[in-house]
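A structural walkthrough
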Amino acid sequence: MTPHAVKKRIILDVDTGHDDALAIIMAASDKRLELLGITVTAGNQILEKTLKNTLNVTQALGLNVPVYSGMHRPLLQDLATAERIHGESGLDGPVFRPPVRGAEPLHAVQYLIDTVMKEPVGSITLVAVGPLTNIAMAVRLCPDFAHRLSELIIMGGSMTHGNVTPSAEFNIHADPESASIVFSSGAPLVMIGLDCTTRVTLTDALYDRFAGISGPAGYIFSASMAHYIRSCKQYIGESPAMHDPCCVAWAVNPSIFTWKNHFVAIECRGNYTRGRTIVDQTGVSSEKPNAKVVYAIQPEPFWEQLEASLRHFSNVS
Ligand code: RIB
Ligand code: CA
């Protein structure tokens, strides 16, 4: 990175489970990013557990990054976790020392609003890799919030199939009303859904490529991904996709992705369709595109970035 290059200032919104943990590692290690703070929502597990997992990961990595506790449930529907995939703790596999530093006293939604309103317009990138409840609350509480963001990079949705129902991807399905608020907010959206993330799945060979990396990030990777591989193979029948890390990869280098501008709406009705991202790929709706929808990723540059982030912590004294 040229010495005068300005770091991209990001806030990461998580529901720390296994792939969220890798996203934190990538966001905290890349010299092109400045990780300002981490906001936590319920999702993969209940908020108490996703918060503890986030604090455990930041402590294990020796990060001096504030963590903020957010919304404990979706706006309307009850919370439906992904316990069968991420386990009872939400991050089964690694063993951590009890966190010394707790969450900051400020609520995550207030932190998001205060930071985006205080910093110059267009200087903050928000990377949201869980249900969009915290983001939706910020949009509703602060009319200028959405338009002041440099980019809102979302792990969620799909142009084709779902992963929690035939129609819906987990983060959107977990809180469709929040997703609808966010997708209609006018924020500069990047939608990184299953069409992209399922192109980078952690095969056994790729696991073996990284599992020997020393240091805290290498440990978190090997211990957490061993569980994640087992549970994904057991319940989904395939290797785990690197959903959340794809969003950090976009923040660092969007050129490895393929995308198009499309209009995206969120279906909040229907027994079989609730939580679906309706992507108008042909413009038939005549609605103005509201998101960069990501179709694909170049796998090798992504894996190289992940490997570099793991090794970053093995070299830190
Ligand atoms: O569908 C994948 C998404 O749901 C990822 O963010 C994963 O962490 C879960 O939250
Ligand atoms: Ca997540």
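Report follows, based on the coordinates. (Residues numbered from 1 in each chain as written. Chains lettered and ligands numbered in written order. Predicted model: local features only at pLDDT ≥ 70, side-chain atom pairs only at ≥ 80, totals over all residues. Heavy atoms only, no water.)

A few words on the coordination of the calcium ion (ligand 2). Within the first shell, the calcium ion (ligand 2) binds the protein through Asp15 (OD), Asp20 (OD), Asp20 (OD), Val129 (O) and Asp244 (OD), at distances of 2.2 to 2.7 Å. Coordination of the calcium ion (ligand 2) draws on donor residues from a single chain, spaced D-x4-D-x108-V-x114-D in sequence. Of this pair, Asp15 sits in the loop between strand E1 (8-14) and helix H1 (18-29) while Asp244 sits in helix H12 (residues 243-252), and the two are 229 residues apart along the sequence. For the residue pair Asp15 and Asp244, the accessibility class agrees, reading buried in each case. (Donors = N, O, S within 2.8 Å, 3.2 Å for Na, K, Ca; no water. Helix = DSSP H or I, 4+ residues; strand = E, 2+ residues; numbered from the N terminus. Buried < 20%, exposed > 50% of the residue type's maximum accessible area, 1.4 Å probe, protein only.)

In this approach, a probe sized like a water molecule rolls over the atoms, and the result shows the empty space that is left. Estimated volume of the largest pocket: approximately 550 Å³. At the level of elements, H1, helix H3 (83-86), helix H7 (170-174), helix H11 (215-235) and H12 are the ones that each hand at least two residues to the lining of the largest pocket. A total of four residues in the lining of the largest pocket trace back to one element, the largest contributor, which is H7. Considering only residue class, the lining of the largest pocket consists of 14 nonpolar, 11 polar and seven charged. (1 Å grid on protein atoms, 1.4 Å probe; cavity = no way out; pocket = protein on both sides within 12 Å on 5 of 7 lines; lining within 4 Å. Points joined across faces, edges and corners; volume = space filled by probe spheres on them. Nonpolar A, V, L, I, M, F, W, Y, C, P; charged D, E, K, R; others polar.)

With that out of the way, let us pick up the packing of H1 against helix H13 (residues 299-315). Across the interface, H1 lies against H13 with an axial gap of 9 Å and an inter-helix angle of 75°. Taken together, the axes of H1 and H13 lie roughly perpendicular to each other. On H13, the residues touching Ile25, Met26, Ala28 and Ser29 of H1 are Phe302, Gln305, Leu306, Ser309, Leu310, His312 and Phe313. The residue makeup of the contact of H1 with H13, split by class, is seven nonpolar, four polar and no charged. (Axes fitted to C-alpha atoms, helices over the stretch in contact; angles between N-to-C directions. Parallel < 35°, antiparallel > 145°, perpendicular 65-115°, else oblique. Contact = heavy atoms within 4.5 Å.)

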